[in-house]
Amino acid sequence: GNSVTQMEGPVTLSEEAFLTINCTYTATGYPSLFWYVQYPGEGLQLLLKATKADDKGSNKGFEATYRKETTSFHLEKGSVQVSDSAVYFCALRASGANNLFFGTGTRLTVIP
Amino acid sequence: NAGVTQTPKFQVLKTGQSMTLQCAQDMNHNSMYWYRQDPGMGLRLIYYSASEGTTDKGEVPNGYNVSRLNKREFSLRLESAAPSQTSVYFCASRAAEFEGSGANVLTFGAGSRLTVL
């Protein structure tokens, strides 16, 4: 079946620290992979995506590379800001599927 | 451009009461979804509608019904609310496959927080 496993939180970092949130997946075929972000009191919004192996998605200083050999899509940012405090969700969409499968979410808090 | 609009934003119900969550999108998307978000569980799909006139069960459909009223609107109904249905509910929509890369992206509403006492 299809599933996403992501790093348990919460994660607390100081401003300008390096961020990694791990995400691994199980899927049939060649899924598309996503990171969504949820700011306090809001719905989820797309942060970045990758649709095939070795693609790198990037946005707002965040990056993630689609690694088929390790079935991973880890989220990284070189220098986090207080405004990055949010919950981050890894997700996949299997080829031809209607649905997205989400991980459990990782809460990030960045302190000044 | 409103995107996906959900109402109400907050609701408190007593066990056994019924209610309907409304969702509307103005992006001409074909597919619409209802998810629930619970602590430690991430988002779980309740029902989805791949196109106007069709609906399908997701992971956790028990206790819910849906109606795809037209292309814009997709409502979620709780016929007899239970405390286990206390959650934050999100509606989302997605473009059709033939629209290319946009079909990969879900657009979410702001959420509806439901408490069942």
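Thresholds, definitions, all that
Residues numbered from 1 in each chain as written. Chains lettered and ligands numbered in written order. Predicted model: local features only at pLDDT ≥ 70, side-chain atom pairs only at ≥ 80, totals over all residues. Heavy atoms only, no water. Disulfide = S-S within 2.5 Å. Helix = DSSP H or I, 4+ residues; strand = E, 2+ residues; numbered from the N terminus. Buried < 20%, exposed > 50% of the residue type's maximum accessible area, 1.4 Å probe, protein only. Contact = heavy atoms within 4.5 Å. Polar contact = N/O pair within 3.5 Å; in protein donor to acceptor, adjacent residues only side chain to side chain. Pairing = 2+ DSSP bridges. Axes fitted to C-alpha atoms, helices over the stretch in contact; angles between N-to-C directions. Buried area = accessible area lost by both parts, 1.4 Å probe. Salt bridge = Lys/Arg side-chain N within 4 Å of Asp/Glu carboxyl O.

### Description of the state of the cysteines
As used in these notes, a disulfide is a covalent bond between sulfur atoms, one from each of two cysteines.
Turning to step 1, where the next piece is worked out: This structure, assessed with the given rule, holds two disulfides over all chains.
Turning to step 2, where the next piece is worked out: With its sulfur 1.9 Å from that of its partner, A:Cys23 forms a disulfide with A:Cys90. A torsion of -70 degrees about the S-S bond marks the disulfide between A:Cys23 and A:Cys90 as left-handed. Placement of A:Cys23 in strand β4 (residues 23–26) and of A:Cys90 in strand β10 (residues 86–93) is noted, with a sequence separation of 67 residues between them.
Turning to step 3, where the next piece is worked out: Two residues share a disulfide in this structure: B:Cys23 and B:Cys91, whose sulfurs sit 1.9 Å from each other. Taking the torsion about the sulfur-sulfur bond, which here is approximately -75 degrees, the covalent link between B:Cys23 and B:Cys91 counts as left-handed. Highlighted residues: B:Cys23 in strand β3 (residues 19–25) and B:Cys91 in strand β9 (residues 87–94), separated in sequence by 68 residues.
Turning to step 4, where the next piece is worked out: Classification of B:Cys23 as buried rests on a relative accessible area of 3%.
Turning to step 5, where the next piece is worked out: B:Cys91 sits in the buried class, given a relative accessible area of 0%.

### Regarding the environment of B:Gln85
Residue and element names in this part refer to chain B.
Turning to step 1, where the next piece is worked out: With respect to the secondary-structure elements, Gln85 resides in the loop between β8 (74–78) and β9.
Turning to step 2, where the next piece is worked out: Sequence separation between Gln85 and Leu114 is 29 residues, and the spatial gap between their C-alpha atoms is 7.7 Å.
Turning to step 3, where the next piece is worked out: When neighbours within four sequence positions are excluded, Gln85 is seen to be in contact with Arg36, Asn62, Gly63, Tyr64, Leu78, Ser80, Leu114 and Val116.
Turning to step 4, where the next piece is worked out: At 3.1 Å, the side chain of Gln85 and the backbone oxygen of Gly63 are in polar contact.

### A few points about the sheet that holds strand β9 (residues 75–77) of chain A
All names here are of chain A.
Turning to step 1, where the next piece is worked out: Within the open sheet, the four strands sit side by side as β3-β9-β8-β7. Their pairing is antiparallel. Across the chains shown, the open sheet's two edge strands, defined by having one partner strand only, are β3 (19–21) and β7 (56–59). If you compare each strand with its neighbour and ignore which way they point, the axes differ by 15 degrees on average.
Turning to step 2, where the next piece is worked out: Where β7 and strand β8 (residues 62–65) come together, four bridges link them in antiparallel fashion. Across the sheet, residue Gly57 finds its bridge partner in β8, namely Ala64.

### Concerning the interface of chain B and chain A
Many descriptions give the size of an interface as the accessible area lost when the pieces come together.
Turning to step 1, where the next piece is worked out: The interface of chain B with chain A comprises 22 residues on the first partner and 20 residues on the second.
Turning to step 2, where the next piece is worked out: Both faces combined, the contact of chain B with chain A buries some 1600 Å², and carbon together with sulfur accounts for 52% of it.
Turning to step 3, where the next piece is worked out: Where chain B packs against chain A, one counts zero salt bridges.
Turning to step 4, where the next piece is worked out: Seen at the junction of chain B and chain A, the total is four residue pairs in polar contact (both at pLDDT 80 or more).

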